[in-house]
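These are the residues of each chain, in order.
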Amino acid sequence: MAGNDWINSYLEAILDVGPGIDEVKSSLLLRERGRFSPTRYFVEEVITGFDETDLHRSWVRAQATRSPQERNTRLENMCWRIWNLARQKKQLEGEEAQRMTKRRLERERGRREAVADMSEDLSEGEKGDTVSDLSAHGESNKGRLPRISSVDTMEAWTNQQKGKKLYIVLISLHGLIRGENMELGRDSDTGGQVKYVVELARALASMPGVYRVDLLTRQVSSPEVDWSYGEPTEMLPPRNSESLIDEMGESSGAYIIRIPFGPKDKYVPKELLWPHIPEFVDGALGHIIQMSKVLGEQIGDGHPVWPVAIHGHYADAGDSAALLSGALNVPMLFTGHSLGRDKLEQLLRQGRLSRDEIDSTYKIMRRIEAEELSLDASEIVITSTRQEIEEQWRLYDGFDPILERKLRARIKRNVSCYGRFMPRMAVIPPGMEFHHIIPHDGDIDNETEANEDGKSPDHPIWAEIMRFFSNPRKPMILALARPDPKKNLTTLVKAFGECRPLRELANLTLIMGNRDNIDEMSGTNASVLLSILKLIDKYDLYGQVAYPKITSKMMFLKSI
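The structure presented is a predicted model; accordingly, all values stated were derived computationally and were not measured.

Chemist: Help me get a handle on the overall build of the chain, residues and values and all.
Modeler: The secondary structure content of the chain amounts to 22 helices and 11 strands. Per-residue burial over the chain gives 41% buried out of 560 residues. For the chain, the share of sequence-separated contacts (at least 6 apart) that also reach a separation of at least 24 residues comes to 69%.

Chemist: If you had to explain the sheet that holds strand β8 (residues 424–427) to someone new, which residues and values would you point to?
Modeler: One open sheet holds the 8 strands; their spatial order is β3-β4-β2-β1-β5-β6-β7-β8, and the pairing between them is mixed. With partners counted over all chains shown, the strands left at the sheet margins are β3 (233–236) and β8, one partner each. Averaged over all pairs of adjacent strands, the angle between strand axes in this sheet comes to 20 degrees, irrespective of strand direction. Two strands pair when backbone bridges link them, and β3 and strand β4 (residues 253–259) are joined in this way by 4 bridges, in the antiparallel orientation. The residue bridging glutamate 234 from the neighbouring strand is isoleucine 256, located in β4.

Chemist: Kindly report on the packing of aromatic side chains, identifying the contributing residues and their values.
Modeler: Under the defined criterion, the tally for this structure stands at 4 aromatic pairs. When the ring of phenylalanine 334 is compared with that of tryptophan 393, the centres are 6.1 Å apart and the planes differ by 70 degrees; the resulting orientation is edge-to-face. Taken as a pair, phenylalanine 334 in strand β6 (residues 332–335) and tryptophan 393 in the loop between α16 (386–392) and α17 (401–412) lie far apart in primary sequence, 59 residues in all. Each member of the pair, phenylalanine 334 as well as tryptophan 393, is classed as buried.

Chemist: Just give me the short version of the pattern of salt bridges, but keep the residues and values in it.
Modeler: Under the definition given, this model contains 21 salt bridges. For arginine 367, the salt bridge is made with glutamate 371, and the minimal N-O distance between the two is 3.3 Å. One end of the pair, arginine 367, and the other, glutamate 371, are both in helix α15 (residues 364–377), 4 residues apart, so they sit about a helical turn from each other. Judged by its relative accessible area of 0%, glutamate 371 is buried.

Chemist: Break down helix α21 (residues 523–538) for me, with residues and values.
Modeler: Given a rise of 1.5 Å per residue, 16 residues ought to cover 22 Å, and the 22 Å separating the end C-alpha atoms of α21 matches this to within 8%. Buried within α21 are the following residues: Asn525, Ala526, Val528, Leu529, Ile532, Leu535 and Ile536. Considering only its buried residues, α21 is in contact with α19 (489–498), β10 (507–511) and β11 (545–546). In the segment just after α21, aspartate 540 is the residue with positive phi, at about 55 degrees.

Chemist: Before we move on, can you summarise the packing of α19 against α21 with the specific residues and values?
Modeler: The description of two packed helices rests on the angle between their axes and on the distance between the axes. Two elements in contact, α19 and α21, have axes separated by 9 Å at closest approach and are oriented at 5 degrees. What the angle tells us is that α19 and α21 run roughly parallel. Facing Leu489, Thr490, Val493 and Lys494 of α19, the residues of α21 in contact are Val528, Ser531, Ile532, Leu535 and Ile536. Here the contact of α19 with α21 is built from residues that sort into 6 nonpolar, 2 polar and 1 charged.

Chemist: Explain a nonpolar patch on the surface to me, using residue names and the numbers behind them.
Modeler: A grouping of Met476, Leu478 and Leu480 is seen on the molecular surface, where their side chains present a nonpolar patch of about 250 Å² in accessible area. For methionine 476, the location among the structural elements is in strand β9 (residues 476–480). Judged by its relative accessible area of 32%, methionine 476 falls in the partly exposed class.

Chemist: So what's going on with α19? Residues and values would help.
Modeler: Those residues of α19 lying buried are Leu489, Val493, Phe496 and Gly497. Along α19, the residues classed as buried sweep out an arc of 100 degrees about the axis, all on the same side. Residues of α19 that are buried in the fold lie against β9, α20 (500–505), β10, α21 and β11.

Chemist: Describe the sheet that holds β10, and please don't skip the residues or the numbers.
Modeler: In spatial order, the strands read β9-β10-β11; together these 3 strands make up an open sheet with parallel pairing. The open sheet has two free edges, formed respectively by β9 and β11, since each of these has just one partner strand. Direction of pairing for β9 relative to β10: parallel, over a ladder of 5 bridges. In the sheet register, methionine 476 faces β10, and the bridge partner there is asparagine 507. Each of β9, β10 and β11 is contacted by α19, which is oriented at about 170 degrees to β10, the strand it contacts most.

Chemist: So what about the packing of helix α11 (residues 277–299) against helix α12 (residues 314–328)? Which residues, and what values?
Modeler: Across the interface, α11 lies against α12 with an axial gap of 10 Å and an inter-helix angle of 50 degrees. For the element pair α11 / α12, the angle class is oblique. The handedness of the crossing between α11 and α12 comes out as right-handed. Together, Ile277, Phe280, Val281, Ala284, Leu285, Ile288 and Ile289 of α11 and Asp316, Asp319, Ser320, Leu323, Leu324, Ala327 and Leu328 of α12 make up the contact between the two elements. Split by residue class, the contact of α11 with α12 holds 11 nonpolar, 1 polar and 2 charged.

Chemist: An account of the side chain of serine 320 is needed here, citing residue identities and associated values.
Modeler: Along the polypeptide, serine 320 turns up in helix α12. Its relative accessible area of 0% is what places serine 320 among the buried residues.

Each value, and the rule that gives it
- Residues numbered from 1 in each chain as written.
- Predicted model: local features only at pLDDT ≥ 70, side-chain atom pairs only at ≥ 80, totals over all residues.
- Heavy atoms only, no water.
- Helix = DSSP H or I, 4+ residues; strand = E, 2+ residues; numbered from the N terminus.
- Buried < 20%, exposed > 50% of the residue type's maximum accessible area, 1.4 Å probe, protein only.
- Contact = heavy atoms within 4.5 Å.
- Pairing = 2+ DSSP bridges.
- Axes fitted to C-alpha atoms, helices over the stretch in contact; angles between N-to-C directions.
- Phe/Tyr/Trp six-rings, centres within 6.5 Å; stacked < 30°, edge-to-face > 60°.
- Salt bridge = Lys/Arg side-chain N within 4 Å of Asp/Glu carboxyl O.
- Expected span 1.5 Å × (residues − 1).
- Parallel < 35°, antiparallel > 145°, perpendicular 65-115°, else oblique.
- Nonpolar A, V, L, I, M, F, W, Y, C, P; charged D, E, K, R; others polar.
- Patch = residues over 30% accessible without salt bridge, like charges linked within 9 Å, V, L, I, M, F, W, Y side chains within 5 Å.
- Areas by Shrake-Rupley, 256 points an atom, 1.4 Å probe, with all protein chains shown as cover.
- Arc of directions from axis to C-beta.
- Left-handed = near helix turned anticlockwise from the far one by under 90°.

So, to be careful, I would describe these as geometric facts and stop short of saying anything about function.
Laid out in structure tokens, this is it:
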């Protein structure tokens, strides 16, 4: 082993001392008499210092104190050898330092090349000066991404895209999707993904160069749900409609397109939609072909305008997008939102259900199959964090993080990948739409001033929250999530209850989706809500925790 040769050589020398000049027995007797032990000599004399001066001084002192009978030629040679090995050690250290310097320079060069390879994967605000940050701060700051202004970059990109008229298709099948008054938390299928895809469609349609965005979902004509979910088409008006009204064409903008498939007149959970995916694909294919012809007449000089990309959200939509992508020869993008293999591992660790019971309840193997298919068909997979790539997607047969980086580097350099392909992973953290948030100045009181109409300027939910608090003037910790075990709201309440300084500093508000009656909630959600109520009672958090009852009529998410 380089750098340790001097130690190995010394041990070899110790072993060589074994037999004496005359015979083995005399050497052993010498040790038994305690007159001299090479090991003790090394420990007591040589190891006291490692530089050449100490070693040489030890050797000279040994020469002066040892009796002639103990002066053994082989031991003298050993001492000289140790001295010489120490000099070799310094030489090895110098060579090692040179190698480390060379290796560091090679790493820096490799890191610059890697940043150049992956620069196209990062947004300007995400990228920053990665190489200089790593060089200056070391590995401890590896995960940090500095904030930089990207206004100029966005303006330049906007100017480049203005002449284009792109058509984009998004797919999100399950849940109840509409543009306004979303019933988030109504059930496990109508959650954050619904809000995400609607706002994504709206934001994409407002981007320069994008002419039309279609969000395809399921048409639900059932007495169990609102009539609006049965409308075939719903337009999503842009937030800043005044600035875009002049640029809009006849069929431009963002639309929710509801395709009928699955059980008629019945709203079913996503686990029961898998057998009906081919029916959706047929309906979606017909819509896209028809819309491409219409857009061709409007902006394509009579030639069909095909989608520039099809973006599937969640496994069921990924399965559908893969089929549509292959049929239309259109690039596919995929966002998992949550992944089946990761969920399967979590459920198995909990030990409440067997693998067969998990598959029967969640159709988990069909979901994993769809995610593998989506990996194979996608050009880009969009994730929220690096953790999702390194710890969740790496569980899949169709993806390996290390191999993906190598393949991308080879593609960048126009080197053959021998037929291997993996989708590019793009980390895009979710954002938030702030247009509807109006900051309030002044004190926070239970009594609010009325406006000219005699109505309170605050949303009714504000009064619903404030009535829980004994001291509403304290700052608020706000958590919004449906009462599902994986959202971990019970741990939040427990942590709040066990931290007295935090309770003295702030109040806790839990917005746990829409509900009319606990008895009408699903068993899992009702169980979580009851557990939270028990924790509030256990830690005596009355007056410090708010858990208002949000109903669909309050239109909470439209105005908060």
